[in-house]
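The residues making up each chain are set out below.
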Amino acid sequence: MAMILFVMTGVDYWTLADGSRHPTGFWAEEAVAPYEAFKAAGHDVVVATPDGVVPTVDQASLAPEVNGGQDGADKIAKALASITELRQPLKLAEVDLADYAAVFYPGGHGPMEDLAGSADSGALLTRALESGKPLGVVCHAPAALLAAAKDDGTNAFAGYRLTGFSNAEESQAGFADKAKWLLQDRLVELGADFQEGAPWAPNVVVDRNLVTGQNPASSGPLAVEILKALG
């Protein structure tokens with residue numbers, strides 16, 4: 001079957017407006033739900049991060065209150081521990097897009113710190129978009145789109161319908177007044193047609209080969225859309 005590339009944050013913090021570092025990483029559900037869907041469909045997953053560092057899970061994403069209780073928290077922790085691909089990621093700069101049938105970016109606040117300014121990630125995103133291969137990006141991971149600059153200075157995703165973690169959700173999560181910038185604002189500024197759904201409810205937007213999800217609850221439905229595109 002196909003090989004699917006997971007591009008993940010390589011940091012365990014997010015720098016806030018006051019200069020402090022908020023502990024973070026990737027959001028567990030946004031890696032686990034798509035991983036399980038892709039593996040169940042018979043596909044293989046390869047993980048890449050900046051510099052090939054092992055990605056860090058945001059500990060908040062393992063808490064019972066965001067996983068429907070302790071049973072849900074135990075289940076997602078067990079599922080995460082079983083993803084052996086997380087332990088030996090490739091270096092993002094060395095990834096060859098030709099090896100993969102689809103590309104997927106899980107979120108968490110980590111991408112706001114490193115992928116938002118990563119030229120390697122930006123170049124990969126631009127190539128993936130131009131290739132027509134399914135490209136999935138969820139929650140805070142659309143921050144990586146900010147680095148997808150074309151030779152003429154415009155952003156590769158300008159004019160695309162897409163979604164991501166909304167200002168309303170960032171406010172409800174308690175970070176809107178602490179962040180240096182808000183993801184929804186930046187995506188609008190780059191020229192994207194931001195499609196905001198209800199806070200915390202699944203919202204997946206498909207525009208050509210780009211599939212974006214608004215929040216953690218959107219990660220499973222986003223994976224379904226990628227699988228449809230893969231046939």
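Residues numbered from 1 in each chain as written. Predicted model: local features only at pLDDT ≥ 70, side-chain atom pairs only at ≥ 80, totals over all residues. Heavy atoms only, no water.

- The protein chain is annotated in an unreviewed UniProt entry as Type 1 glutamine amidotransferase domain-containing protein of Streptomyces piniterrae.

Some details on the overall build of the protein chain
At step 1: Along its length, the protein chain carries seven helices and 11 strands.
At step 2: In terms of C-alpha radius of gyration, the protein chain reaches 16 Å, essentially the compact-globule figure of 17 Å for 231 residues.
At step 3: Taking the principal axes of the C-alpha coordinates as reference, the protein chain spans close to 45 × 40 × 35 Å.
At step 4: Residues classed as buried in the protein chain amount to 54% of the 231 residues present. (Helix = DSSP H or I, 4+ residues; strand = E, 2+ residues; numbered from the N terminus. Rg over C-alpha atoms; globule rule 2.2 N^0.38 Å. Buried < 20%, exposed > 50% of the residue type's maximum accessible area, 1.4 Å probe, protein only.)

Here's the deal with helix α4 (residues 119-131)
At step 1: Over its 13 residues, α4 extends 18 Å from the first C-alpha to the last, a length consistent with the 18 Å expected when each residue adds 1.5 Å.
At step 2: Directly after α4, the chain includes Gly132, whose backbone phi takes a positive value near 85 degrees. (Expected span 1.5 Å × (residues − 1).)

Quick look at the packing of helix α1 (residues 28-40) against helix α2 (residues 70-81)
At step 1: Look at α1 against α2: their axes get within 10 Å of each other, and the N-to-C directions meet at 65 degrees. Comparing their axes, α2 and α1 come out roughly perpendicular. For α1 against α2, the interelement crossing comes out left-handed. On α2, the residues that touch Ala28, Glu29, Val32 and Glu36 of α1 are Ile76, Ala79 and Leu80.
At step 2: For the contact of α1 with α2, the residue count by class is five nonpolar, no polar and two charged. (Axes fitted to C-alpha atoms, helices over the stretch in contact; angles between N-to-C directions. Parallel < 35°, antiparallel > 145°, perpendicular 65-115°, else oblique. Left-handed = near helix turned anticlockwise from the far one by under 90°. Contact = heavy atoms within 4.5 Å. Nonpolar A, V, L, I, M, F, W, Y, C, P; charged D, E, K, R; others polar.)

Notes on the packing of α1 against helix α7 (residues 219-230)
At step 1: As a packed pair, α1 and α7 sit with axes 8 Å apart at the nearest point and diverge in direction by 35 degrees. Handedness of the α1/α7 crossing: right-handed. Residues Glu29, Glu30, Ala33, Pro34, Ala37 and Phe38 of α1 form the contact with α7, whose participating residues are Ser219, Gly220, Ala223, Ile226 and Leu227.

A closer look at the UniProt feature "domain: DJ-1/PfpI" (unreviewed entry) in the protein chain
At step 1: Sequence positions flagged by UniProt for "domain: DJ-1/PfpI" (unreviewed entry) are, in local numbering, residues 28-228.
At step 2: Helix makes up 33% of residues 28-228 and strand 14%. Its end C-alpha atoms lie 23 Å apart. (UniProt positions renumbered as here; feature names shortened; annotations may be inferred.)

Topic: the nonpolar core
At step 1: Formed by 67 residues in total, the largest nonpolar core has its most connected members in Leu5, Phe6, Leu80, Tyr105, Leu135, Phe157 and Leu162.
At step 2: Among the elements that make up this core, the one with the highest residue count is α1 (five residues).
At step 3: With sequence-adjacent residues up to four places away left out, Phe157 is seen in contact with Leu125, Leu129, Leu135, Leu145, Ala148, Leu162, Leu190, Ala192 and Leu210. (Core = buried A, V, L, I, M, F, W, Y, C linked by side-chain atoms within 4.5 Å.)

With respect to the sheet that holds strand β11 (residues 210-213)
At step 1: Spatial ordering of the open sheet is given by β5-β4-β1-β6-β7-β11-β10, a layout of seven strands whose pairing is mixed. Looking at the sheet topology across the chains shown, the edges are occupied by β5 (90-91) and β10 (204-207).
At step 2: Inspection of the sheet shows strand β6 (residues 102-105) paired to strand β7 (residues 135-138) by three bridges, in the parallel sense. Each bridged residue has a counterpart across the sheet, and for Phe104 the counterpart in β7 is Gly136.
At step 3: Against the sheet, α4 contacts β1 (3-7), β6, β7 and β11, and its axis sits at roughly 135 degrees relative to β6. (Pairing = 2+ DSSP bridges.)

A look at the packing of aromatic side chains
At step 1: Applying the stated criterion to the full structure yields six aromatic pairs.
At step 2: Here the aromatic rings of Phe38 and Phe104 are separated by 6.3 Å at their centres, their planes lie at 80 degrees, and the arrangement is edge-to-face. With Phe38 in helix α1 and Phe104 in strand β6, this pair connects stretches of sequence that are 66 residues apart.
At step 3: Given the relative accessible area of 0%, Phe38 is considered buried.
At step 4: By the ring-pair criterion, three or more aromatic residues cluster together here, those being Phe6, Phe38 and Phe104. (Phe/Tyr/Trp six-rings, centres within 6.5 Å; stacked < 30°, edge-to-face > 60°.)

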